[in-house]
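# Structure at a glance
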Amino acid sequence: MKIVYTGIHYDSYGSMKRPSFEYTNFYLTLKATPGLEVIEYPFDIIPEVGLDKFNVGLLEVVEKEKPDLLFAFMYTDELDKKVLKKIKDGGRTKTVAWFADDYWRFWNYSKNWVPYFDLVVTTYSKAVDWYKQAGYDNVLLSQWACNVELYQPVQVEKDIEVGFVGQYKSGRGRVVEYLASRGIGVKAFGFGWPGGKVSHTEMLQVFSRSKINLNINARGSLIDRNVLGRILFRKSINTIKPDFHILDNLRAYFHYPIHHTHARPFELAGCRAFTISGYSEDIGSYYEENKEMVFYRSLGDLEEKIRYYLTHDTEREKIAEAGYKRTLSEHTYEKRFQSLLKHLGLKL
């Protein structure tokens, strides 16, 4: 089976010289799957050639290679709807778009692209009904997962009581500050924290060194200028443009605080790391609460659960092991793509 994959290769169009999340987890997983021939046509060439030439080139690649599938990990306005429609209407190549952050981006982004793909993929369960209410049935609910080639347990001493890895954000800062005020020390690593940035190898060590790993899904305040900026403006290649659609902006704005599921809980579980995660509407569908992963719903609840599990080693390790086994059996990107291809009627 042949797939043309299009998406960001390097974060921020190469300014950070770091492979993007989607390249690392989506493209590389597809590339390594037996029976798949995957051709990458990255968004990153747009600053050099321009949007028009990029899309002409995409059409040329599809017409030349005649792939079974065009897979797009959506970002902003890289793709030309006329080109997508031509590929879709051609009937030879199935077209799929994977959307991130539909819990708020559905309103002012995702729903505008649905007619140009055979199938769109969302990771937010309620968005399925939103698509259908908008008149679209070509939607599939999937989810983030663990890349087992990159996330694995490390045999080290557990010398950190509570660990967190992730970029500093105000909501996360409030959680860590609250725990510190209650006498619970959290060692936080990542850009903006005192612990500083860590490499991927060092991050895996932190996961395995920590008796308790936190997945903090606290959201930013609606009056935060960064939140307002994300709602009212959009990235367009390597620039920022106004994106004023008042009703859709308002809908996106009021949905922005939703606690949602991201990839980190799956990555932690794939490292056999005991995890206390902020609760989201979907996470309980993937891990059984208190048996495969622990969830918190308030700061007081988090504090209570940290204190409990720091003194219950056997129970803590049993939950970590159960979450690890669930991840390997159900929550890998290989499993996600197998389900997607099966849904499309494509066979390896």
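This section reports on the structure supplied with the text.

Conventions we followed
Residue positions are given per chain, counting from 1 as you read along its sequence in written order. Reporting in this predicted model follows two pLDDT cut-offs: at least 70 for local features of residues, and 80 or more for side-chain atom pairs to be given and counted; totals over whole chains, interfaces and linings ignore these cut-offs and use all residues. Hydrogens and waters are ignored; side-chain quantities use all the structure's heavy atoms. Residues enter a nonpolar core if they are buried and are Ala, Val, Leu, Ile, Met, Phe, Trp, Tyr or Cys, with the set joined through side-chain atoms within 4.5 Å. The cut-offs for exposure are 20% and 50% of the maximum accessible area for each residue type, with area from a 1.4 Å probe on protein chains only; residues under the lower value are buried, those over the upper are exposed, and the others partly exposed. Secondary structure counts use DSSP, requiring at least four H or I residues in a row for a helix and at least two E residues in a row for a strand, with both numbered from the N terminus. Here a residue-residue contact requires only that any non-hydrogen atoms of the pair lie within 4.5 Å. Each helix should span, by expectation, one fewer than its residue count multiplied by 1.5 Å. The reported arc concerns the directions from the helix axis to the C-beta atoms and nothing else. Strands pair, by our definition, only if DSSP identifies at least two bridges between them. A fitted line through C-alpha atoms represents every axis, and for helices the fit uses only the stretch in contact; the resulting angles, taken between N-to-C directions, go from 0 to 180 degrees.

## Here we look at the nonpolar core
Core analysis: the largest hydrophobic core is formed by 46 residues, its most contacted members being F26, F71, W144, F207 and L340. Ranked by residue count, the leading element in this core is helix α14 (residues 333-344), at 5 residues. Ignoring sequence-local partners within four residues, the contact set of W144 consists of F21, F26, F73, W98, A100, T123, T261, H262, A263, F266, Y333 and R336. By size, the runner-up hydrophobic cluster in this structure holds 43 residues, among which are L59, Y75, I87 and V128.

## Topic: the environment of L51
Positionally, L51 belongs in helix α3 (residues 51-65). When its relative accessible area of 28% is taken as the criterion, L51 is described as partly exposed. In sequence terms L51 and L299 are 248 residues apart; their C-alpha atoms lie 46 Å from each other. If we ignore the near neighbours within four places in the chain, the residues touching L51 are I46, D77, E78 and I237.

## What to know about α14
Taking 1.5 Å of rise per residue, 12 residues should cover 16 Å, and α14 covers 17 Å from first to last C-alpha, within 8% of that figure. Within the sequence span of α14, burial applies to Y333, R336, F337, L340, L341 and L344. Around the axis of α14, the buried residues are gathered within 125 degrees of arc, so they sit on the same side. Backbone geometry just after α14 places G345 at a positive phi near 80 degrees.

## Observations concerning the sheet that holds strand β5 (residues 119-122)
Judged by pairing direction, the sheet is parallel, and its 6 strands sit side by side in the order β2-β1-β3-β4-β5-β6 without closing on themselves. Each end of this open sheet is capped by a strand with a single partner; those strands are β2 (37-40) and β6 (139-141). Within the sheet, the average angular offset between the axes of one strand and its neighbour, ignoring direction, is 25 degrees. As defined by bridge partners, strand β1 (residues 2-6) adjoins β2 across 4 bridges and the pair is classed as parallel. Pairing of I3 across the sheet is with V38, part of β2.

Keep in mind these values describe shape, not function.
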